[in-house]
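Listed below, chain by chain, are the residues.
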Amino acid sequence: MSIADKIGAALVRKGHEVSLFPIKAKNENPNQIKGVELESIPNIKDFDHVIFGAPTRGMDLSIVMQLYLASLPEGHQEASVYVTHFFPFKWMGGTQAIKKFMSLSEHKLDIKKSGIINWKNKNRDKDIQCLVYQLSDLD
């Protein structure tokens, strides 16, 4: 079960309605944003709270998520974000990816919470449980 699925399941248990939308590219090039097209651009304006999750690629937020965030209109959509990375320390990709999330979503999203999951960490499962608990607490 993916992290998004776990967060969704926790929200459903708390009585929330949940919709999951994958954001994928038709022709992803992980090293270059130019020429990459998204398959679809989910509309989030009718949701009370949106939770975004994305991988870190090359110590940066994935190009697919960067493109999606750039496509969002200005507004103040309430949101939470998390990233995953494979490096031993948050500062080796996760922190930069969260900062990129914040900068690209300025004037678009009102980010309430954020988290970083280190995929290589021996405590990964515990960290995921903590993230699920944190991001599923919308009150």
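In this text, all values refer to a predicted model and were calculated from it rather than measured experimentally.

Calculation rules
Counting restarts for each chain, with residues numbered from 1 along the sequence as it is written. Selection of residues for local features in this predicted model requires a pLDDT of at least 70, selection of side-chain atom pairs for listing and counting requires 80 or more, and totals for whole chains, interfaces and linings are taken over all residues. To obtain the side-chain values, all non-hydrogen atoms of the structure were included, while hydrogens and water were left out. Side-chain atoms within 4.5 Å link the members of a nonpolar core, which is a set of buried Ala, Val, Leu, Ile, Met, Phe, Trp, Tyr and Cys residues. Throughout this description, buried means an accessible area under 20% of the type-specific maximum (1.4 Å probe, protein chains only), exposed means over 50%, and partly exposed covers the range between. Working definition: helices are DSSP H or I runs of at least four residues, strands are E runs of at least two. Numbering for both runs from the N terminus. Whether two residues touch is decided by their heavy atoms; if any such pair falls within 4.5 Å, the residues are in contact. Two strands are said to pair when DSSP picks up at least two bridges between them.

### Brief notes about the nonpolar core
Phase 1 of the analysis: If you look at the biggest cluster of nonpolar residues, it comprises 24 residues, and the most contacted ones within it are Phe52, Leu61, Met65, Phe101 and Leu109.
Phase 2 of the analysis: Contributions of two or more residues to this core are made by strand E1 (50-57), helix H2 (63-71), strand E3 (77-85), helix H3 (94-104) and strand E4 (109-118).
Phase 3 of the analysis: Residue contributions to this core peak at 6 residues, all from H2.
Phase 4 of the analysis: Other than its neighbours up to four places away in sequence, Leu109 contacts Ile44, Phe52, Leu69, Leu72, Gly75, Gln77 and Ala79.
Phase 5 of the analysis: Formed by 10 residues, the second largest nonpolar core is a distinct cluster that contains Ile3, Tyr82, Ile117 and Leu131.

### Some thoughts on the pairing of E3
Phase 1 of the analysis: Here E3 lies mainly inside the structure; 8 of its 9 residues are buried.
Phase 2 of the analysis: Looking at chain direction, E1 and E3 are connected through 6 bridges and run parallel. Residue Pro55 lies in a different strand from E3, and its bridge partner there is Thr84.
Phase 3 of the analysis: As judged from the 9 bridges shared by E3 and E4, these two strands associate in the parallel manner. Counted as the bridge partner of Thr84 is Ile117 from E4.

Just geometry here; none of it tells us what the structure is for.
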